[in-house]
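Each chain, letter by letter, is given below.
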Amino acid sequence: MSMRLNKAKHQLRDGNVVIGTGQRIPAPALTELLGYADFDFVFLDAEHGAMGWTEIEAMVLAAYAADVTPVVRVLHNDPELVMRALDVGAQGILIPHCCNAAAAQRYVDGALYPPIGKRGVGPSRGIKWGAIPQDEYFSVINDEVLLMAMIEDAEAVDDIEEICKVPGLDVLIVGTSDLAASYGLPGQHDHPRIKEATAHVLEVGNAHGVAISKP
């Protein structure tokens, strides 16, 4: 029996465009349908959506059934939330409001096992309940976790160079709704200031080899 590989992360490594969508409704069948619709990943929105851990676990399993990468957007950048989402089977995490390099490092530390990070050990589903030898699991798992972060604050734009230097981040997503609000421009996604900030994030991310979503 082999490890479950992260298809979306492998596509990113190969330089391919990766397309995902979000889900706020706690319905495993919807997760499954989104997988069959040929998305590369589905992020299960536990920040703004009404879903608990039991629902998240069921949606993760539905993602497995449809062979789509399940990513959980946790409520906030908390190592315990990140660890728990990964332990129930998420193959990726999306954190909101990654405001600076220190926050990015805290995130990476919570998501990856030592010696790279500080994630607590409780693989269970990751080792298929014992069917995968632990030495095999730990030899590859840090490379199979997809780490995504929202850039949605003026502070993050100011510190984007340092954020992009944190090893382990795979994708940064510019959240223009919160970003506009942080500049005192709620609802004004197309304001020149927001376009300028977004372009800056894209430029810096590309320079550092970090994938950036296009809003």
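Residues numbered from 1 in each chain as written. Predicted model: local features only at pLDDT ≥ 70, side-chain atom pairs only at ≥ 80, totals over all residues. Heavy atoms only, no water.

A word on the overall build of the protein chain. Assigned secondary structure in the protein chain consists of 10 helices and 7 strands. In terms of overall dimensions, the protein chain is globule-like: its C-alpha atoms have a radius of gyration of 17 Å, near the 17 Å expected for 215 residues. Here the protein chain, with 215 residues, has 48% of them falling under the buried criterion. Summarising the internal contacts of the protein chain: among those between residues at least 6 apart in sequence, 64% fall at separations of at least 24. (Helix = DSSP H or I, 4+ residues; strand = E, 2+ residues; numbered from the N terminus. Rg over C-alpha atoms; globule rule 2.2 N^0.38 Å. Buried < 20%, exposed > 50% of the residue type's maximum accessible area, 1.4 Å probe, protein only. Contact = heavy atoms within 4.5 Å.)

Turning our eyes to something else, we now look at the sheet that holds strand β7 (residues 211-212). One open sheet accounts for 7 strands, arranged β1-β2-β3-β4-β5-β6-β7; its pairing is parallel. Taken across any chain shown, the strands that pair with only one partner, and hence form the sheet edges, are β1 (20-23) and β7. Note that strand β4 (residues 92-95) and strand β5 (residues 146-151) share 4 bridges and pair parallel. Counted as the bridge partner of I95 is A149 from β5. Along the sheet, helix α4 (residues 79-87) makes contact with β3 (69-73) and β4, crossing β4 at roughly 150 degrees. (Pairing = 2+ DSSP bridges. Axes fitted to C-alpha atoms, helices over the stretch in contact; angles between N-to-C directions.)

The contact between helix α2 (residues 28-36) and helix α3 (residues 53-66) brings their axes to 8 Å, and the two run at 30 degrees. Viewed along their axes, α2 and α3 adopt a mutual orientation that is roughly parallel. Judged by the sense of rotation from one axis to the other, the crossing of α2 with α3 is right-handed. Where α2 approaches α3, its residues P28, T31, E32, G35 and Y36 are matched on the opposing element by A58, M59, A62, A63, A65 and A66. (Parallel < 35°, antiparallel > 145°, perpendicular 65-115°, else oblique. Left-handed = near helix turned anticlockwise from the far one by under 90°.)

Where charged atoms of side chains with opposite charge meet at close range, the side chains can pair. Counted according to the given criterion, the structure contains 9 salt bridges. For R73, the salt bridge goes to D45, with nearest N and O atoms at 2.7 Å. Of this pair, R73 sits in strand β3 while D45 sits in strand β2 (residues 41-45), placing them 28 residues apart in sequence. Taking the relative accessible area as the measure of exposure, D45 reaches 1% and is therefore buried. Among the charged side chains, a salt-bridge network with shared partners connects R24, D45, E47 and R73. (Salt bridge = Lys/Arg side-chain N within 4 Å of Asp/Glu carboxyl O.)

Time to look at the packing of α4 against helix α5 (residues 101-111). Closest axis-to-axis distance for the α4/α5 pair is 8 Å, and the angle between their directions is 40 degrees. The orientation of α4 relative to α5 falls into the category oblique. The chirality of how α4 crosses α5 is right-handed. Listed contacts from α5 to P79, V82, M83 and L86 of α4 are R106, Y107, G110 and A111. Residues belonging to the contact of α4 with α5 are distributed by class as follows: 6 nonpolar, 1 polar and 1 charged. (Nonpolar A, V, L, I, M, F, W, Y, C, P; charged D, E, K, R; others polar.)

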